[in-house]
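A closer look at the structure
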Amino acid sequence: SNCDCQKREIASFVAELIREDTVYIIGAGTTTKAIGDELSIDKTLLGIDVVKGRNLVRKDCSEKDIIGILEKEKNAKIIVSPIGGQGFIFGRGNQQLSPHIIRAVGVDNIILVATPDKLMSTPVLHVDTGDIDLDEELNGEHLVVCGYQLAARKHVVS
(Lines give C-alpha, C1' and ligand atoms only; values in the text may rest on other atoms or scores of the structure.)
Protein backbone atom coordinates (compact mmCIF):
# COMPACT_ATOMS: atom_id res chain seq x y z
CA SER A 1 0.00 0.00 0.00
CA ASN A 2 0.88 3.67 -0.25
CA CYS A 3 1.39 3.66 3.51
CA ASP A 4 4.03 0.88 3.41
CA CYS A 5 5.98 2.78 0.80
CA GLN A 6 5.84 5.94 2.94
CA LYS A 7 7.12 3.96 5.93
CA ARG A 8 10.01 2.54 3.90
CA GLU A 9 11.02 6.03 2.76
CA ILE A 10 11.00 7.31 6.35
CA ALA A 11 12.99 4.26 7.44
CA SER A 12 15.65 4.63 4.77
CA PHE A 13 16.15 8.29 5.67
CA VAL A 14 16.33 7.61 9.44
CA ALA A 15 18.78 4.74 8.80
CA GLU A 16 21.13 7.25 7.13
CA LEU A 17 21.09 9.40 10.28
CA ILE A 18 22.06 6.52 12.60
CA ARG A 19 25.43 7.02 14.30
CA GLU A 20 27.55 4.17 15.65
CA ASP A 21 28.23 5.93 18.97
CA THR A 22 24.59 6.65 19.76
CA VAL A 23 21.89 4.61 21.44
CA TYR A 24 18.42 4.84 19.90
CA ILE A 25 15.37 4.06 22.02
CA ILE A 26 12.77 3.13 19.43
CA GLY A 27 9.10 3.31 20.34
CA ALA A 28 6.12 1.21 19.30
CA GLY A 29 4.28 1.21 15.98
CA THR A 30 4.44 0.16 12.35
CA THR A 31 6.48 3.18 11.21
CA THR A 32 9.19 2.53 13.80
CA LYS A 33 9.01 -1.20 12.97
CA ALA A 34 9.93 -0.24 9.38
CA ILE A 35 13.08 1.44 10.77
CA GLY A 36 13.97 -1.86 12.48
CA ASP A 37 13.44 -3.70 9.20
CA GLU A 38 15.68 -1.20 7.39
CA LEU A 39 18.43 -1.78 9.99
CA SER A 40 17.90 -5.57 9.71
CA ILE A 41 16.86 -5.67 13.35
CA ASP A 42 14.01 -7.78 14.69
CA LYS A 43 12.09 -4.83 16.19
CA THR A 44 9.02 -5.56 18.29
CA LEU A 45 5.82 -3.99 16.99
CA LEU A 46 4.27 -3.03 20.33
CA GLY A 47 7.37 -2.82 22.51
CA ILE A 48 10.26 -0.44 22.94
CA ASP A 49 13.63 -1.60 21.64
CA VAL A 50 17.10 -0.18 22.11
CA VAL A 51 19.62 -0.09 19.29
CA LYS A 52 23.23 1.10 19.32
CA GLY A 53 24.37 2.08 15.87
CA ARG A 54 22.86 -0.72 13.80
CA ASN A 55 22.89 -3.39 16.50
CA LEU A 56 20.03 -4.46 18.73
CA VAL A 57 21.01 -3.91 22.38
CA ARG A 58 17.77 -5.05 23.98
CA LYS A 59 14.30 -5.97 22.80
CA ASP A 60 10.94 -5.18 24.39
CA CYS A 61 12.40 -3.05 27.19
CA SER A 62 10.86 -2.07 30.48
CA GLU A 63 11.46 1.41 31.88
CA LYS A 64 14.07 -0.14 34.21
CA ASP A 65 15.92 -1.79 31.27
CA ILE A 66 16.15 1.55 29.47
CA ILE A 67 17.39 3.41 32.57
CA GLY A 68 20.09 0.76 33.01
CA ILE A 69 21.26 1.22 29.41
CA LEU A 70 21.23 5.04 29.67
CA GLU A 71 23.44 4.93 32.76
CA LYS A 72 26.23 3.45 30.61
CA GLU A 73 25.76 5.52 27.46
CA LYS A 74 26.79 9.09 26.61
CA ASN A 75 24.70 9.72 23.51
CA ALA A 76 21.06 8.74 23.22
CA LYS A 77 18.06 9.60 21.13
CA ILE A 78 14.42 8.58 21.25
CA ILE A 79 12.59 7.72 18.02
CA VAL A 80 8.81 7.71 18.36
CA SER A 81 5.77 7.73 16.15
CA PRO A 82 2.28 8.98 17.07
CA ILE A 83 0.18 6.08 18.38
CA GLY A 84 -3.52 5.57 17.79
CA GLY A 85 -6.13 7.84 16.28
CA GLN A 86 -5.36 10.79 18.54
CA GLY A 87 -1.64 10.83 17.81
CA PHE A 88 -0.01 10.37 21.21
CA ILE A 89 3.80 10.46 21.05
CA PHE A 90 4.30 9.91 24.79
CA GLY A 91 1.91 8.46 27.33
CA ARG A 92 -0.36 6.02 25.57
CA GLY A 93 1.36 3.20 23.72
CA ASN A 94 4.83 4.33 24.82
CA GLN A 95 4.37 4.18 28.62
CA GLN A 96 7.84 2.71 29.20
CA LEU A 97 9.26 6.05 28.04
CA SER A 98 8.81 7.67 31.43
CA PRO A 99 9.50 11.31 32.29
CA HIS A 100 12.78 10.14 33.86
CA ILE A 101 13.92 8.64 30.53
CA ILE A 102 12.71 11.56 28.38
CA ARG A 103 14.59 14.01 30.64
CA ALA A 104 17.73 11.83 30.67
CA VAL A 105 17.78 11.73 26.86
CA GLY A 106 16.72 15.37 26.49
CA VAL A 107 13.79 16.94 24.68
CA ASP A 108 16.14 18.01 21.87
CA ASN A 109 17.10 14.39 21.20
CA ILE A 110 13.63 13.18 20.25
CA ILE A 111 13.09 12.18 16.62
CA LEU A 112 9.43 12.09 15.57
CA VAL A 113 8.41 9.99 12.58
CA ALA A 114 4.99 9.66 10.94
CA THR A 115 3.60 8.95 7.50
CA PRO A 116 1.94 11.80 5.58
CA ASP A 117 -1.33 9.83 5.87
CA LYS A 118 -1.01 9.77 9.68
CA LEU A 119 -0.18 13.49 9.78
CA MET A 120 -3.23 14.28 7.66
CA SER A 121 -5.52 12.40 10.05
CA THR A 122 -4.05 13.88 13.27
CA PRO A 123 -4.21 17.70 13.24
CA VAL A 124 -2.12 17.95 16.43
CA LEU A 125 0.07 15.49 18.32
CA HIS A 126 -0.42 14.79 22.02
CA VAL A 127 1.71 14.06 25.07
CA ASP A 128 0.58 12.67 28.41
CA THR A 129 3.75 11.75 30.30
CA GLY A 130 2.21 12.12 33.75
CA ASP A 131 4.67 14.98 34.44
CA ILE A 132 2.99 18.35 33.90
CA ASP A 133 6.27 20.30 33.64
CA LEU A 134 7.67 17.89 31.06
CA ASP A 135 4.43 18.00 29.05
CA GLU A 136 4.80 21.81 29.01
CA GLU A 137 8.37 21.49 27.71
CA LEU A 138 7.21 19.14 24.96
CA ASN A 139 4.37 21.44 23.86
CA GLY A 140 4.90 23.53 20.75
CA GLU A 141 6.22 23.05 17.24
CA HIS A 142 8.19 19.93 16.36
CA LEU A 143 9.59 18.60 13.11
CA VAL A 144 8.25 15.20 12.10
CA VAL A 145 10.13 13.08 9.57
CA CYS A 146 7.47 12.05 7.06
CA GLY A 147 9.47 10.86 4.04
CA TYR A 148 12.92 10.60 2.54
CA GLN A 149 14.59 13.92 3.49
CA LEU A 150 11.11 15.27 4.20
CA ALA A 151 9.82 16.74 7.44
CA ALA A 152 6.61 18.51 8.39
CA ARG A 153 6.06 20.96 11.25
CA LYS A 154 3.53 19.69 13.72
CA HIS A 155 2.08 21.14 16.89
CA VAL A 156 2.32 19.08 20.09
CA VAL A 157 -0.16 19.73 22.92
CA SER A 158 -0.79 18.10 26.29
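Residues numbered from 1 in each chain as written. Predicted model: local features only at pLDDT ≥ 70, side-chain atom pairs only at ≥ 80, totals over all residues. Heavy atoms only, no water.

Assigned secondary structure in the chain consists of six helices and nine strands. Expected size for 158 residues packed as a compact globule is a radius of gyration near 15 Å; at 14 Å, the chain falls within 12% of this value. Dimensions of the chain, computed from C-alpha atoms along their principal axes, come out at roughly 40 × 35 × 25 Å. Within the chain, the fraction of its 158 residues that count as buried is 51%. In the chain, the share of contacts with a sequence separation of at least 24, taken over all contacts with a separation of at least 6, comes to 63%. Here the chain has roughly 7,700 Å² of accessible surface; of this, 50% comes from carbon and sulfur atoms. (Helix = DSSP H or I, 4+ residues; strand = E, 2+ residues; numbered from the N terminus. Rg over C-alpha atoms; globule rule 2.2 N^0.38 Å. Buried < 20%, exposed > 50% of the residue type's maximum accessible area, 1.4 Å probe, protein only. Contact = heavy atoms within 4.5 Å. Areas by Shrake-Rupley, 256 points an atom, 1.4 Å probe, with all protein chains shown as cover.)

Time to look at helix H2 (residues 30-38). For H2, the complete set of buried residues consists of Thr31, Thr32, Ala34, Ile35 and Gly36. Positive phi appears at serine 40, one or two residues downstream of H2, with a value of about 60°.

Right, let's talk about the packing of aromatic side chains for a bit. Per the stated rule, a full pass over the model turns up one aromatic pair. For the pair phenylalanine 13 and tyrosine 148, a centre-to-centre distance of 5.7 Å together with 70° between the ring planes defines the contact as edge-to-face. You can see phenylalanine 13 sitting in helix H1 (residues 2-17) and its partner tyrosine 148 sitting in the loop between strand S8 (140-147) and strand S9 (150-157), a full 135 residues away along the chain. For phenylalanine 13, a relative accessible area of 16% puts it in the buried group. (Phe/Tyr/Trp six-rings, centres within 6.5 Å; stacked < 30°, edge-to-face > 60°.)

Among the structural elements, asparagine 75 can be located in strand S4 (residues 75-80). The partly exposed category is assigned to asparagine 75, whose relative accessible area is 27%. With 83 residues separating them along the chain, asparagine 75 and serine 158 place their C-alpha atoms 27 Å apart. Apart from the residues lying within four places of it in its own chain, the contact partners of asparagine 75 are Asp21, Thr22 and Val23. A distance of 3.3 Å separates polar atoms of two side chains, one belonging to asparagine 75 and the other to aspartate 21. (Polar contact = N/O pair within 3.5 Å; in protein donor to acceptor, adjacent residues only side chain to side chain.)

Relative to strand S2 (residues 49-52), strand S1 (residues 22-26) runs antiparallel, the two being bridged by four bridges. Paired with valine 23 across the strands is lysine 52, a residue of S2. The pairing of S2 with strand S3 (residues 55-58) spans three bridges and is antiparallel. Paired with valine 51 across the bridge in S3 is leucine 56. Hairpin connection, S2 to S3: the antiparallel pair is bridged by two residues, and glycine 53 has positive phi, about 60°. (Pairing = 2+ DSSP bridges.)

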